[in-house]
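# A closer look at the structure
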Amino acid sequence: MAEEKIDVEMQDTGEFLASIHSTTGTDEIVLMFEDAEEVTDGVLGNDEATARATVEFLLSHQPAGDLPDRIDLVDIAAAYDGAIESIRKLRG
């Protein structure tokens, strides 16, 4: 994972494009965070730091190439127990 570089760019309100650069190429995923504050009871915000931490969290569970093209924070919270707290910690 250390060889991966993550670039995050806001596309639209609540939508971020994350580019994950690795030795094998670049994978891009779109993160949907429109409901971030509501879904996480205000723990996570709709911002680049949260988007980057979310990508780091996802990469700790699966390779970049296996991530869906678009992913909603609601789905991440539903799929992984403790996801919100883990992302908050990664965010620092």
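Residues numbered from 1 in each chain as written. Predicted model: local features only at pLDDT ≥ 70, side-chain atom pairs only at ≥ 80, totals over all residues. Heavy atoms only, no water.

### Focus on the overall build of the protein
Counting its regular elements, the protein contains four helices and four strands. In terms of C-alpha radius of gyration, the protein reaches 12 Å, essentially the compact-globule figure of 12 Å for 92 residues. On the principal axes, the C-alpha backbone points of the protein span a range of 35 × 25 × 25 Å. Burial analysis of the protein (92 residues in total) assigns 40% to the buried set. The contacts in the protein between residues at least 6 apart in sequence include a share of 48% that link residues at least 24 apart. Surface exposure of the protein reaches about 5100 Å², of which carbon and sulfur atoms provide 44%. Positive and negative side-chain charges in the protein, numbering 6 and 22 respectively, have mean positions lying 8 Å apart. (Helix = DSSP H or I, 4+ residues; strand = E, 2+ residues; numbered from the N terminus. Rg over C-alpha atoms; globule rule 2.2 N^0.38 Å. Buried < 20%, exposed > 50% of the residue type's maximum accessible area, 1.4 Å probe, protein only. Contact = heavy atoms within 4.5 Å. Areas by Shrake-Rupley, 256 points an atom, 1.4 Å probe, with all protein chains shown as cover. Lys, Arg positive; Asp, Glu negative; His and termini not counted. Charge placed at Lys NZ, Arg CZ, Asp CG, Glu CD.)

### A word on helix 4 (residues 83-91)
Because the α-helix completes a turn every 3.6 residues, residues three or four places apart line up on one side. Within helix 4, burial applies to Ala83, Ile84 and Ile87. For helix 4, the buried positions fall inside an angular range of 95° around the axis, keeping them on one side. Tucked into the core, helix 4 has its buried residues touching helix 2 (48-59) and helix 3 (73-79). Phi turns positive one or two residues past the end of helix 4, at Gly92, with a value near 80°. (Arc of directions from axis to C-beta.)

### Some details on the packing of aromatic side chains
Going through the model one piece at a time under the given rule, you end up with two aromatic pairs. Residues Phe57 and Tyr80 carry aromatic rings whose centres are separated by 5.2 Å and whose planes lie at 90° to one another, so their mutual orientation is edge-to-face. Taken as a pair, Phe57 in helix 2 and Tyr80 in the loop between helix 3 and helix 4 lie far apart in primary sequence, 23 residues in all. Of the two residues, Phe57 and Tyr80, both sit in the buried class. (Phe/Tyr/Trp six-rings, centres within 6.5 Å; stacked < 30°, edge-to-face > 60°.)

### A look at the nonpolar core
Judged by nonpolar contacts, the single largest core of 25 residues is most densely connected at Ile29, Leu31, Val55, Leu58, Leu73 and Ile76. In terms of residues, this core owes the most to one element, helix 2, which gives six residues. Non-local contacts of Ile76, meaning those with residues more than four positions away in its chain, are made with Thr54, Phe57, Leu58, Ile71, Ala83 and Ile87. (Core = buried A, V, L, I, M, F, W, Y, C linked by side-chain atoms within 4.5 Å.)

### Observations concerning helix 2
Along its twelve residues, helix 2 runs 17 Å from first to last C-alpha, staying within 8% of the 16 Å computed at 1.5 Å per residue. Among the residues of helix 2, those classed as buried are Thr50, Ala51, Ala53, Thr54, Val55, Phe57, Leu58 and Leu59. Where helix 2 is buried, its residues meet strand 1 (5-12), strand 2 (15-22), strand 3 (25-32), strand 4 (70-72), helix 3 and helix 4. (Expected span 1.5 Å × (residues − 1).)

### Points about a negative patch on the surface
A contiguous patch of negative charge on the surface is contributed by Asp12, Glu34, Asp35 and Glu38. Judged by relative accessible area, Glu34 falls into the partly exposed class, the value being 45%. (Patch = residues over 30% accessible without salt bridge, like charges linked within 9 Å, V, L, I, M, F, W, Y side chains within 5 Å. Salt bridge = Lys/Arg side-chain N within 4 Å of Asp/Glu carboxyl O.)

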